[in-house]
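Results of the structural survey
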Amino acid sequence: MSFPPIATFLPLIYFAVILLLTWAVGRLSGLLASRIIGRTMAPVAAAGGRLTTVIVWVIGVTFAFQELGVSTDILLLMILIVGFAAIVALREPLQNIGAKYFSDIYTPFKLGDTVQVGAYTGKVIEINPVTTVLITESDTLVSVPNSLFVRDVVTNLSPQKWREVIVPFSVGGSVDLARLESDLRKSLGKLRLRLDARFPPVLTTRARTALSTDLTLTVMIRQPEDRDAITAEVGKRISEVVSLSGRTTSGPSA
Amino acid sequence: MGAPTAWTPVRSASSPDENRLGRAVLAPLRVRPTLPPDPRYMTVESPLDLCVNTQTPLLQFPPPAPGQPAPAASRDVESIGSLVEGVDYRYSPGGVTRMVHPLLRRLHSAGVVGATQWVSLNPFAPRTILFNDLTLHNVAVAPDRLAAYGNVKETIWGTVHGLRESGGSDNLFWSDDFSEYAYYNRLTAETIRSLDAQHDFDLFYIHDFQQLPIGEMLGTLKPKLFRWHIPFEADSFPERWHAAMRGYLNQYDTVVVSTDRYLEHLREFGYTGRGVRIYPYIDESEYSDPSPEEVLPIVERFGVKETDRVILAVGRMDPMKGQDHAIRAFALLAKRFPRLRLLLVGNGSFSSSASGLGLPKSGSWRNRLEAIAEELGVGGRVLFTGHVTQRELDACYARCEFTILPSIREGFGLVVVESWIHRRPAIVSKRAGIAEIVRNRTNALLVDPEDPKQVAGQMEAILADPKGLGAKLVRGGLVAAKKCTIEAAARAESELLGAAVEG
């Protein structure tokens, strides 16, 4: 029995090698992107990392299939068509999910706050990826699409809410939360003159899986005009604490 | 198995333990019988799965010899049967574990709670200890973090008890030490959370001020109960602590305090959940009435002679306990009563012990007391026992004519109840929580501990009329003590747990 010549297997070998390289480059570039973005925008660091990884994979898979003789033009066309169709079909939910993504970071309200958005006023009792559920004074449930919170004016009617700065972030599931909390508190202690001393930072666990833990860090500011600067500074410090400890930041909690 | 640092199997006077498990080292002549479970306990379809959290562990393990690793801490799981009391471990002194453990036993035997998981700080212990119906989970914290945690804990303790200027600790919650305090609490909360994933608890019962942030850190929707054991007087907290403390407290569905007065303060402070008052309690079955033949050799070891008249003050060595005031009052009577002795029973708490936080306050306070006694010319007549066993404590009560609780502030003051059940009259500080159930000259004598003339006057009143006033106070005390029995507490706690899970 004779084996076919090695050249027959070369495309398969190249295919496997390219996938392997793609995996390595994807992982490395994802981490790198996450770290670079995290220096300035901690909450979106992990999302940036993931996006970078996906782009590397698309390029890598395209090259890999080219080695097998598959026409990459057709492959790219299919990706474009499927992507376009998905965007058109899921336009509304995507808008809401995207809005949720940004409202997590930039919209100053949380569960339990009383807010006014468009024609609706009520207490926030649920924030899911698509809608935010309010309970009105007349005990009625109102489900408001998240996109409205980005498009429309949102008023938080809860008292003193302007003081509250909530920064969501995620860490890997194996991260030592006790150490993280201790380090964060020490770091934020340097900002205490800009913060309301009556309210020490509060680290809250929002969701947890084996792979990641979603957290929020809440601080109270002293002066309203410090809000932007403190939000950025707190985000930066979170990023530093997480990366200095050799941990991986992910993105805002879902 | 042995530990490098062998311990004498003794414990703090104010916290009898040896009899707690029915494993008395020396059986007393007359042990009070354990009462059967009360049929009026809450009935539950199935026993509740409970997680208890205290800072102080039920069992303490000795620190390793210098340069050596802690032998017990290297092991994951130990059964209590494989450990030797007095060598590997000893029972914790301290009011909290002393109350919690008998309560759990009682609730377990009544079918209210099932096998309970108990999480505590315990730096040198195995990670888990199987202990009858309890599983003890030990949280270990590195020494440098533990020292910082201890500083915060002592600052809160000292401030609440009026031993520190409240303004001096305004920035406590922002200090680096507080980061370590949060570290310990978060580590504990994570341990509890991980246990919850295995056991799916029905509720969490968190004890004492050191653990206050746990409720928030747990982030669970399940019922959370908190017992505040120390005084709760809003005006003792610095203004700048209020918002944070209110935030922490309001994470609990129920907060239990020790007196009606504390309950009022809790509500005024802005706690919006369910506030409950349950008096602290003792388990009478843990105490014995030793015979005079037994008492004599025991108290002689502490320097008490057969002809001496003895005043007893039981409490750990801590400025809050006000032993200095007892010495000052005693000194005023010393010339007129030449055979009078003041017997100070007790040593340090978990915080002072080498197996705990290793804080130096116990030793330094004893040195201070000895110096005061010398200055007042009563050095040889103020006797210090240090740690005593339960049997020795019972002997001290049996030998004294009356007891005094001179605390400048005290969450409750269970030693007064001990005095009552030993049929000894008590002089009680007005500033102790137990003053709420004291009726002056009916079941005890109330005093301002910082007024030595008044304290000395009340001491003299009992010394002069033991059969009249003394006996009257004992009769009244025995009635009042019924409010502070394990049975009364177990009924109340049982209802509390039932209400917590049923809403």
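This is a predicted model, so every value here is computed, not measured.

Quick look at the overall build of chain B
If you tally the helices and strands in chain B, you get 14 helices and 17 strands. In chain B, which comprises 503 residues, the share counted as buried stands at 63%. Taking the contacts inside chain B whose residues are at least 6 apart along the sequence as the reference set, 74% of them involve residues at least 24 apart. A total accessible area of about 18,400 Å² is found for chain B, and carbon and sulfur atoms account for 51% of it.

Description of the pattern of salt bridges
Under the criterion given, the structure shown has 35 salt bridges over all chains. Of the charged contacts, one joins Glu180 of chain B and Lys186 of chain A as a salt bridge, the two residues approaching to 2.5 Å between their closest N and O atoms. Linking Glu180 of chain B in helix H3 (residues 176–199) with Lys186 of chain A in helix H6 (residues 177–189), this pair reaches from one chain into another. When the shortest N-O distance is used, the salt bridge between Arg98 of chain B and Glu418 of chain B registers 2.3 Å.

Here's the deal with helix H6 (residues 260–269) of chain B
All names here are of chain B. Listed as buried for H6 are Tyr262, Leu263, His265, Leu266 and Phe269. Projected down its long axis, H6 shows its buried positions confined to an angular sector of 160°, all on one face. Opposite its buried face, H6 presents the exposed residues Glu264, Arg267 and Glu268, each directed more than 90 degrees away. At its buried positions, H6 is contacted by helix H5 (242–249), strand E10 (254–257) and strand E11 (274–277). Just downstream of H6, Gly270 is the residue with a positive phi angle, here 110°.

Notes on the packing of aromatic side chains
All names here are of chain B. For the coordinates displayed, the defined rule picks out 18 aromatic pairs over all chains. When the centroid spacing of 6.0 Å and the interplanar angle of 75° are considered together, the rings of Trp228 and Phe237 count as edge-to-face. Summarising the burial analysis for this pair, Trp228 and Phe237 share the class buried. Site record: aromatic cluster; members linked through ring pairs are Tyr149, Phe173, Phe178, Tyr181, Tyr184 and Trp241. Here the guanidinium or amino end of Arg145 rests over the ring plane of Tyr183, the centre of that ring lying 3.9 Å away.

Digging into the interface of chain B and chain A
As a measure of interface size, the accessible area lost when the parts come together is often cited. Between chain B and chain A, the contact holds 19 residues from the first and 22 residues from the second. Both faces combined, the contact of chain B with chain A buries some 1,900 Å², and carbon together with sulfur accounts for 57% of it. At the surface where chain B touches chain A, the tally comes to eight residue pairs in polar contact (both at pLDDT 80 or more). For the side of chain B that touches chain A, the elements supplying multiple residues, two or more each, are H3, helix H4 (214–218) and H5 of chain B. With ten residues, H3 of chain B is the single largest residue contributor to the side of chain B that touches chain A. Considered class by class, the residues forming the side of chain B that touches chain A number ten nonpolar, one polar and eight charged.

Brief notes about the sheet that holds strand E3 (residues 131–135) of chain A
Residue and element names in this part refer to chain A. Spatially, the five strands line up as an open sheet ordered E4-E3-E2-E1-E5, and their pairing is antiparallel. Strand pairing shows two members of the sheet lacking a second neighbour, strand E4 (141–145) and strand E5 (154–156), which therefore form its edges. Neighbouring strand axes in the sheet, compared pairwise and without regard to direction, differ in orientation by 40° on average. Examined bridge by bridge, strand E2 (residues 120–127) and E3 share four bridges and lie antiparallel to one another. Each residue of the ladder has a partner; that of Lys123, found in E3, is Ile135.

Topic: the environment of Ser419 of chain B
Residues and elements named next belong to chain B. Along the polypeptide, Ser419 turns up in helix H11 (residues 414–421). Under the relative-accessibility criterion, Ser419 is labelled buried at 0%. On a C-alpha basis, the gap between Ser419 and Ala481 in space is 9.4 Å, while along the polypeptide they are 62 residues apart. Ignoring anything within four residues of it in the chain, the contact list for Ser419 reads Tyr397, Thr403, Arg424, Pro425 and Ala426.

Digging into the environment of Arg441 of chain B
Tracing the chain through its elements places Arg441 of chain B in the loop between strand E16 (426–429) and strand E17 (445–447). For Arg441 of chain B, a relative accessible area of 39% translates into the label partly exposed.

Some thoughts on the confidence of the model for chain B
Residues at a pLDDT of 70 or more form 86% of chain B, whose mean pLDDT is 87. The low-confidence segment residues 1–35 of chain B (pLDDT under 50) makes 118 contacts with residues lying over four places distant or belonging to another chain.

Let's talk about helix H8 (residues 323–333) of chain B
Each α-helix turn comprises 3.6 residues. Residues three or four places apart therefore point the same way. Within H8 of chain B, eight of the eleven residues are buried, leaving the element largely enclosed by the surrounding structure. What H8 of chain B keeps buried is the set Gln323, Asp324, His325, Ala326, Ile327, Ala329, Phe330 and Leu333 of chain B.

Some remarks on the side chain of Thr116 of chain B
Residues and elements named next belong to chain B. Residue position: Thr116 is located in strand E5 (residues 116–121). At a separation of 3.1 Å, a polar atom in the side chain of Thr116 contacts the main-chain carbonyl oxygen of Gly114. Ignoring sequence-local partners within four residues, the contact set of Thr116 consists of Leu50, Val52, Leu104, Asp133, Leu134 and Thr135.

Comments concerning the state of the cysteines
All names here are of chain B. Tallied over the full model, the rule gives zero disulfides over all chains. For the unlinked cysteine Cys396, the closest cysteine sulfur is that of Cys400, found at 8.3 Å. The exposure class of Cys396 is buried, given its relative accessible area of 0%. Given the relative accessible area of 3%, Cys400 is considered buried.

Focus on the nonpolar core
Judged by nonpolar contacts, the single largest core of 78 residues is most densely connected at Leu59, Leu343, Trp420, Val428, Ile434 and Leu497 of chain B. Each of domain 1 (34–38 + 46–57 + 92–282 + 485–502) and domain 2 (287–484) of chain B gives at least three residues to this core. When near neighbours in sequence (up to four residues on either side) are disregarded, Leu59 of chain B contacts Ile80, Tyr89, Arg90, Tyr91, Asn122, Ile129, Phe131 and Leu136 of chain B. Grouped together as the second largest cluster of nonpolar side chains are 74 residues, Ile238 of chain A together with Phe173, Tyr184 and Ile230 of chain B included.

Details of the packing of helix H7 (residues 292–301) of chain B against helix H10 (residues 390–399) of chain B
All names here are of chain B. Where H7 meets H10, the axes come as close as 9 Å, and the angle between the chain directions of the two elements is 100°. Here H7 lies roughly perpendicular to H10, going by the angle between them. Between H7 and H10, the contacting residues are Glu294, Val295, Ile298, Val299 and Arg301 on the first element and Arg391, Glu392, Ala395, Cys396, Ala398 and Arg399 on the second. Looking at the contact of H7 with H10 residue by residue, the class counts come to six nonpolar, no polar and five charged.

Describing the pairing of E4 of chain A
Residue and element names in this part refer to chain A. Burial along E4 is one-sided: Val142 and Val144 are buried, and none of Leu141, Ser143 and Pro145, which face the opposite way, are. Bridge analysis of E3 against E4 gives five bridges, and the strand direction is antiparallel. Its bridge partner being in E4, Val133 is matched across the sheet by Ser143.

Considerations on the pairing of strand E15 (residues 402–405) of chain B
Residue and element names in this part refer to chain B. Along E15, one buried face is formed by Phe402 and Ile404 and the opposite face, lined by Thr403 and Leu405, is buried too. For strand E12 (residues 309–314) and E15, the ladder comprises two bridges, and the chain directions are parallel. Residue Leu312 lies in a different strand from E15, and its bridge partner there is Thr403. Sheet analysis places E15 next to E16, joined by three bridges and oriented parallel. Note that in E16 the partner of Ile404 across the bridge is Ile427. Taken together, E15, H11 and E16 form a β-α-β motif whose crossover is right-handed.

Let's talk about the confidence of the model for chain A
Per-residue pLDDT for chain A averages 82, and the proportion of residues at 70 or more is 86%. In the model, residues 247–254 of chain A has pLDDT below 50 throughout and makes 43 contacts with residues more than four positions away in sequence or in other chains.

Some details on the packing of H8 of chain B against helix H12 (residues 452–464) of chain B
Packed helices, taken two at a time, are described by the angle their axes make and the gap between the axes. All names here are of chain B. Close contact between H8 and H12 brings their axes to 8 Å; oriented N to C, the two are set at 60°. The angle between the axes of H8 and H12 places the two elements in the oblique class. Crossing geometry of H8 relative to H12 is assigned as right-handed. Note on element contacts: H12 touches H8 through Pro452, Lys453, Val455, Ala456, Met459, Glu460 and Leu463, opposite Ala326, Arg328, Ala329, Phe330, Leu332 and Leu333. Considered class by class, the residues forming the contact of H8 with H12 number ten nonpolar, no polar and three charged.

The rules behind each value
Residues numbered from 1 in each chain as written. Chains lettered and ligands numbered in written order. Predicted model: local features only at pLDDT ≥ 70, side-chain atom pairs only at ≥ 80, totals over all residues. Heavy atoms only, no water. Helix = DSSP H or I, 4+ residues; strand = E, 2+ residues; numbered from the N terminus. Buried < 20%, exposed > 50% of the residue type's maximum accessible area, 1.4 Å probe, protein only. Contact = heavy atoms within 4.5 Å. Areas by Shrake-Rupley, 256 points an atom, 1.4 Å probe, with all protein chains shown as cover. Salt bridge = Lys/Arg side-chain N within 4 Å of Asp/Glu carboxyl O. Arc of directions from axis to C-beta. Phe/Tyr/Trp six-rings, centres within 6.5 Å; stacked < 30°, edge-to-face > 60°. Lys NZ or Arg CZ within 6 Å of the ring centre and 35° of its normal. Buried area = accessible area lost by both parts, 1.4 Å probe. Polar contact = N/O pair within 3.5 Å; in protein donor to acceptor, adjacent residues only side chain to side chain. Nonpolar A, V, L, I, M, F, W, Y, C, P; charged D, E, K, R; others polar. Pairing = 2+ DSSP bridges. Axes fitted to C-alpha atoms, helices over the stretch in contact; angles between N-to-C directions. pLDDT = per-residue confidence, 0-100. Disulfide = S-S within 2.5 Å. Core = buried A, V, L, I, M, F, W, Y, C linked by side-chain atoms within 4.5 Å. Domains from an automatic or database assignment. Parallel < 35°, antiparallel > 145°, perpendicular 65-115°, else oblique. Right-handed = clockwise from strand over helix to strand, strands pointing away. Left-handed = near helix turned anticlockwise from the far one by under 90°.

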